[in-house]
Amino acid sequence: MTELRCRKTDTLMGDKEEDEHQSEPEGRKTHTNGPVNTEDEGSVAGGGANDKQQKEEDEVKEEDAQHKQEESNRSGLSAKTSKVSSASGFLQRLVRVFFGCLAAVACGMLYAIYLSTYHDRKFWFSTRQELEREITFQEGSGLYYYYYKHMLTAPSFERGFYELTLDNKTVSGQTINIVERLSLYPELITSFIYRVTNSQDFVEPIYFYVGAVFGLQAVYVTALFVCSWVMSGTWVAGMLAVAWYVINRPDTTKVDHAIPLRDNWALPYFSCQVTALTGFLSNNISSATEMFCYLTMSATTFTFLLVWEHSHYVLFIQGLCLFLLDSFDLVPPRKMADIHKVYLSSLFLAYLFHFQNPALLSSPLLSLLIGSVLARYFQQKMKMGPLVARVMKLFLHFHLVFTTGITFSYLVKKLIPVSESDFILKFLEVKFGLNTTTDFVTNFLLCQESFQTPGQDLFLRLTQASVLPFYFLVLAVCLLSTLQTIYRRLSGQPMKTNLRLEDGRIGEQPEVIYHVFHTLLFGGLVLLFDGMKYLWTPYVCMFTAFGVCSPDLWMTVFKWLKLKSIHPVVLSLILSTAVPTIIGFSLWREYCPRVLAELSDLQEFYDPDTVELISWIRSQAPLAAVFAGSPQLLGTVKLCSGSAVTSLPLYSDGSLLRRSEDTYQVYAMKSAEEIYKILTSQKTNYVIIEESVCNELSINKGCRIKDLLDISNGHVVYDKGEIYSFSKHGRFCQEIKLNYSPYTNYFTRVFWNRSYHVYKVNSVISFQY
């Protein structure tokens with residue numbers, strides 16, 4: 001407006017000067033023609049000039065008013081347009097969020113229904129009797145369900161909880177806190193809810209328990225859906241992640257055959273924690289959303305520590321990922337301080353709820369936190385200086401953190417002896433080839449499938465489901481972009497917080513960098529331990545789905561290729577839609593019939609020999625009897641009969657593993673007298689010998705129970721690379737079946753079938769030969 005006024009004034013002044021130049025010759029001309037009255041001439045000329053100037057000023061004012069009116073109309077129109085566009089944008093976001101949440105909840109519910117239907121078809125669960133249903137809990141996992149039943153039959157919740165904290169009816173000759181030993185908080189909470197809601201009026205206890213686990217699995221896949229959606233910006237990625245998760249179910253969950261296991265309760269909370277952490281690390285969130293993610297992360301971290309005894313090891317790996325993020329200055333220090341508060345407060349609360357469990361004080365997670373906090377205090381200027389100086393400071397930081405953490409852990413173990421630390425260290429030494437041993441417990445753990453190196457079948461299944469090839473593609477792009485970001489940060493360049501699609505820097509998103517470190521560390525552990533695949537494969541599905549559906553990933557590739565023939569933004573948007581569509585269609589065509597076929601097939605799972613054994617124990621054995629046998633079988637015996645046992649199927653407790661070694665001696669080459677002394681020291685009344693263990697045939701000969709016992713007892717002879725067992729006594733489990741002295745002096749057979757032989761340990765010994 002000001003410019004317009006200036007231009008208009010200049011024009012008017014120019015016109016006025018021209019008029020003056022024109023009037024000057026006319027005046028001279030009049031003067032030459034004759035005498036003129038100068039006063040009249042001046043008055044007339046002055047009056048005409050004033051009138052003309054007044055008219056020009058009025059015209060300028062009118063034009064200014066018109067321009068102001070036009071500008072006000074334009075500003076009002078633009079304000080209305082911006083309001084309409086913002087309202088329409090908000091409505092579009094609301095619609096996307098609504099349909100995304102609807103799809104996430106639908107995926108979770110459908111997966112829970114699928115699990116329930118598949119479980120019923122596999123075990124004929126709805127048509128079985130109560131005893132046969134309980135036997136379907138495999139791998140000794142039924143032991144946890146027994147305490148759920150105990151809490152329901154107790155006079156009150158408080159009374160049942162007190163009895164479990166001072167339990168002398170589980171392990172013979174011991175009074176233990178079974179809540180702490182087995183992490184029974186899932187059973188406590190589920191039984192409390194069952195009591196409070198009066199669910200006994202419309203659902204059986206076992207269905208309520210199984211339904212709670214399947215409900216948590218629905219939460220599991222919903223959290224994976226949301227995590228992939230948050231990272232990619234489209235809920236199509238969430239649907240693809242859930243599809244891959246279901247297709248690769250044998251490698252993503254153990255809920256099919258061992259429902260009460262601790263990881264089936266814990267991993268859904270870990271999935272929610274990872275999703276909340278992903279949102280918390282993101283730069284493009286509001287303060288309210290950040291606070292919600294922080295509170296969710298706090299609650300799920302504590303719950304995860306509460307329900308699984310191995311959870312602090314998993315959080316240690318996660319802590320290493322975050323430690324790398326902080327060391328390379330890829331996340332704001334404020335957020336790292338908040339995450340440290342979450343870890344420390346959760347560890348403290350879990351320590352209290354687990355009855356001051358010393359394992360949490362000596363956990364590697366706490367050692368890492370202590371070392372990281374102290375190193376940050378002593379190296380406040382670590383993230384300053386040129387590239388070479390920062391790299392040297394970084395190495396010093398790593399050394400300081402891990403040295404401090406190891407020292408702290410060593411001091412804690414010296415001050416508070418931790419029973420499980422010794423055999424875990426020995427196990428790791430043998431696993432990594434640093435040592436050899438004949439110890440039964442160590443070799444027994446090494447022979448467990450979860451601790452063995454995974455076979456090629458795992459990677460072949462993931463490749464056939466198309467997840468592994470795309471995973472390597474997504475990981476390669478994100479990893480290279482992350483390395484570029486790390487180099488820029490070490491060089492002193494700032495990170496961009498408001499990234500655009502045109503930037504093509506997917507490696508500058510903190511949540512993406514975290515998941516790159518997450519999948520690399522857990523993937524490295526999978527190469528060593530097959531059981532770690534249940535922590536790695538679900539996030540492979542999620543991470544791969546995010547990558548193929550993210551326009552940022554494709555834009556990063558096109559930025560590297562310097563694509564100019566086609567606009568890279570348009571092409572990245574097209575590929576982020578077309579690629580997951582093609583993948584989804586191919587998965588639907590190939591795997592949907594298989595999934596439906598699993599639901600239609602009626603499988604047969606029936607174990608009549610175990611049912612017969614448990615029925616005999618219930619009807620013939622005294623209530624106070626103590627049974628010895630393999631830990632897995634004893635878990636079933638405890639569940640179905642309530643009798644005391646000599647050991648439990650718990651591989652994280654060193655004392656129970658030693659008791660299991662003593663019980664397994666019935667399959668060793670030892671005399672009847674030696675076995676009798678071992679069993680009586682554990683106050684055993686009945687010993688159960690399993691044909692499947694005594695006459696075990698296995699390709700991996702060195703991992704049979706009897707082979708491990710022979711190695712531990714020194715009953716092996718090596719000849720030309722072959723291992724032969726030799727002892728002056730025959731194998732006890734085979735010799736006792738012949739019913740001759742001295743075996744009949746110590747033991748009396750009271751029950752047998754094709755799979756089991758039960759012998760009573762005689763209280764009065766006859767030494768007649």
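Everything quoted here is computed from the prediction, not taken from an experiment.

### Digging into the packing of aromatic side chains
And then number 1: Evaluated as defined, the whole model comprises 46 aromatic pairs.
And then number 2: Among the aromatic residues, ring-to-ring pairing joins Tyr676, Phe732, Tyr740, Tyr743, Tyr746 and Phe747 into one connected group.
And then number 3: Positioned over the ring face of Tyr144 is Arg262, at 4.0 Å from the centre of the ring.

### Thoughts on the packing of helix H11 (residues 287-307) against helix H13 (residues 333-353)
And then number 1: Remark: H11 packs on H13, axes separated minimally by 9 Å, with the N-to-C direction vectors making an angle of 30°. Comparing the axis directions of H11 and H13 gives the class roughly parallel. Along this stretch, H11 crosses H13, giving a crossing that reads as right-handed. For the pair H11 and H13, contact is made by Glu290, Tyr294, Met297, Ser298, Thr301, Phe302, Leu305 and Leu306 and by Arg334, Lys335, Asp338, Ile339, Lys341, Val342, Tyr343, Ser346, Leu347, Leu349, Ala350 and Phe353, respectively.

### A short note on unusual backbone geometry
And then number 1: The omega torsion across Ser741 and Pro742 is 10°, close enough to zero to call that bond cis.
And then number 2: Topologically, Pro742 is positioned in the loop between helix H31 (732-735) and helix H32 (743-746).
And then number 3: Of note, the phi angle at Lys683 is positive, near 60°, even though the residue is not glycine.
And then number 4: Note that Lys683 resides in the loop between helix H28 (672-681) and strand E3 (686-690).
And then number 5: Using a relative accessible area of 55% as the deciding quantity, one classes Lys683 as exposed.

### So, the pairing of strand E6 (residues 747-752)
And then number 1: The pairing of E6 with strand E7 (residues 756-761) spans five bridges and is classified as antiparallel. Residue pairing across strands places Arg749 opposite Tyr759, the latter belonging to E7.

### Remarks on the layout of surface pockets
And then number 1: The calculated volume of the second largest pocket comes to roughly 1,300 Å³.
And then number 2: When contributions to the lining of the second largest pocket are tallied by element, the ones reaching two or more residues are helix H2 (38-123), helix H8 (205-232), helix H10 (262-281), H11, helix H21 (510-526) and helix H23 (551-561).
And then number 3: For the lining of the second largest pocket, the leading source of residues is H8, giving eight residues.
And then number 4: Per-class residue counts for the lining of the second largest pocket are 21 nonpolar, 16 polar and eight charged.

### A few points about the side chain of Ser367
And then number 1: By secondary structure assignment, the location of Ser367 is in helix H15 (residues 364-378).
And then number 2: Other than its neighbours up to four places away in sequence, Ser367 contacts Gly405, Phe408 and Ser409.

### Here we look at the pattern of salt bridges
And then number 1: The full count for this structure, using the stated rule, is 26 salt bridges.
And then number 2: Of the charged contacts, one joins Glu163 and Arg159 as a salt bridge, the two residues approaching to 3.2 Å between their closest N and O atoms. Here the residue Glu163 and the residue Arg159 both occupy positions in helix H5 (residues 157-165), the gap between them amounting to four residues, near one helical turn.
And then number 3: Judged by its relative accessible area of 25%, Glu163 is partly exposed.
And then number 4: For Arg159, a relative accessible area of 43% puts it in the partly exposed group.
And then number 5: Note that Arg658 and Asp439 form a salt bridge whose closest N and O atoms lie 2.9 Å from each other. Here Arg658 is found in helix H27 (residues 654-663), whereas its partner Asp439 is found in the loop between helix H17 (419-431) and helix H18 (440-446), with 219 residues between them in sequence.
And then number 6: A relative accessible area of 34% means that Arg658 is categorised as partly exposed.

### Re the packing of helix H25 (residues 608-620) against helix H26 (residues 631-641)
And then number 1: Orientation of H25 relative to H26, taken along the N-to-C sense of each, is 50°, at an axis distance of 10 Å. With respect to H26, the element H25 is oriented oblique. The way H25 lies across H26 gives a crossing that is right-handed. Touching Thr610, Leu613, Ile614, Ile617 and Arg618 of H25 are Leu633, Thr636, Val637, Cys640 and Ser641, all from H26.
And then number 2: Residues that form the contact of H25 with H26 fall into these classes: six nonpolar, three polar and one charged.

### Remarks on empty space enclosed by the protein
And then number 1: Evaluation of the coordinates by the stated rule reveals six cavities of 30 Å³ or more.
And then number 2: By volume, the largest cavity amounts to about 70 Å³.
And then number 3: Looking at the largest cavity, the residues that line it are Gly319, Leu322, Phe323, Met336, His340, Tyr343, Leu365, Leu368, Leu369 and Ser372.
And then number 4: Contributing elements (two or more residues each) for the lining of the largest cavity: helix H12 (311-327), H13 and H15.
And then number 5: Per-element tally for the lining of the largest cavity: the top contributor is H15, with four residues.

### Here we look at the state of the cysteines
And then number 1: For the coordinates displayed, the defined rule picks out two disulfides.
And then number 2: Across the disulfide, Cys447 is cross-linked to Cys703 (sulfur-sulfur distance 2.0 Å). With the S-S dihedral at roughly -80°, the linkage between Cys447 and Cys703 falls on the left-handed side. Taken together, the residues span a long stretch of sequence, with Cys447 in the loop between H18 and helix H19 (456-464) and Cys703 in the loop between helix H29 (691-694) and helix H30 (705-713) at a distance of 256 residues.

### Observations regarding helix H22 (residues 533-549)
And then number 1: Given a rise of 1.5 Å per residue, 17 residues ought to cover 24 Å, and the 24 Å separating the end C-alpha atoms of H22 matches this to within 8%.
And then number 2: With 17 of 17 residues buried, H22 is to be regarded as a mostly interior element.

### Description of the confidence of the model for the protein chain
And then number 1: When pLDDT is averaged along the protein chain, the result is 85; 87% of the residues meet or exceed 70.
And then number 2: Predicted confidence for residues 1-49 stays below pLDDT 50, and this span has 15 contacts to residues more than four positions away or in other chains.

Definitions and cut-offs
- Residues numbered from 1 in each chain as written.
- Predicted model: local features only at pLDDT ≥ 70, side-chain atom pairs only at ≥ 80, totals over all residues.
- Heavy atoms only, no water.
- Phe/Tyr/Trp six-rings, centres within 6.5 Å; stacked < 30°, edge-to-face > 60°.
- Lys NZ or Arg CZ within 6 Å of the ring centre and 35° of its normal.
- Axes fitted to C-alpha atoms, helices over the stretch in contact; angles between N-to-C directions.
- Helix = DSSP H or I, 4+ residues; strand = E, 2+ residues; numbered from the N terminus.
- Parallel < 35°, antiparallel > 145°, perpendicular 65-115°, else oblique.
- Left-handed = near helix turned anticlockwise from the far one by under 90°.
- Contact = heavy atoms within 4.5 Å.
- Buried < 20%, exposed > 50% of the residue type's maximum accessible area, 1.4 Å probe, protein only.
- Pairing = 2+ DSSP bridges.
- 1 Å grid on protein atoms, 1.4 Å probe; cavity = no way out; pocket = protein on both sides within 12 Å on 5 of 7 lines; lining within 4 Å.
- Points joined across faces, edges and corners; volume = space filled by probe spheres on them.
- Nonpolar A, V, L, I, M, F, W, Y, C, P; charged D, E, K, R; others polar.
- Salt bridge = Lys/Arg side-chain N within 4 Å of Asp/Glu carboxyl O.
- Disulfide = S-S within 2.5 Å.
- Expected span 1.5 Å × (residues − 1).
- pLDDT = per-residue confidence, 0-100.

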